[in-house]
Amino acid sequence: MCDLCSHHPVALLPNRLPQTLTEWLKTYSHVQVMSRDGFTGFRQGIANANPSIL
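Residues numbered from 1 in each chain as written. Predicted model: local features only at pLDDT ≥ 70, side-chain atom pairs only at ≥ 80, totals over all residues. Heavy atoms only, no water.

A. The overall build of the protein, seen in detail. Scanning the protein from N- to C-terminus turns up two helices and zero strands. Relative to a compact globule of 54 residues, whose C-alpha radius of gyration would be 10 Å, the protein shows 11 Å and is just as compact. Seen through its C-alpha atoms, the protein measures out along the principal axes to roughly 25 × 25 × 20 Å. Every one of the 54 residues in the protein was classed for burial, and the buried ones make up 22%. Restricting the contact set of the protein to residue pairs at least 6 apart, pairs at least 24 apart contribute 21%. Only carbon and sulfur atoms are counted for the fraction: they give 56% of the accessible area of the protein, which is about 4,200 Å². (Helix = DSSP H or I, 4+ residues; strand = E, 2+ residues; numbered from the N terminus. Rg over C-alpha atoms; globule rule 2.2 N^0.38 Å. Buried < 20%, exposed > 50% of the residue type's maximum accessible area, 1.4 Å probe, protein only. Contact = heavy atoms within 4.5 Å. Areas by Shrake-Rupley, 256 points an atom, 1.4 Å probe, with all protein chains shown as cover.)

Encoded structure:
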């Protein structure tokens, strides 16, 4: 994870599993905007963390 304003790393997740991203987002619920690559697992992880944002 990288802060898109400061360009500094925020976290390095151990894998690309949707569940890992979901848990990270639930821990850091203050995150309001995400930019991701085309990997559909990330989309699923985001949706699982907060279905109302997609």
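B. Region of interest: the environment of Thr-20. As for its position among the elements, Thr-20 is in helix H1 (residues 18-27). With 22 residues separating them in the primary sequence, Thr-20 and Phe-42 have C-alpha atoms 9.4 Å apart. Apart from the residues lying within four places of it in its own chain, the contact partners of Thr-20 are Leu-13, Pro-14 and Asn-15.

All we've got here are geometric facts, nothing functional implied.
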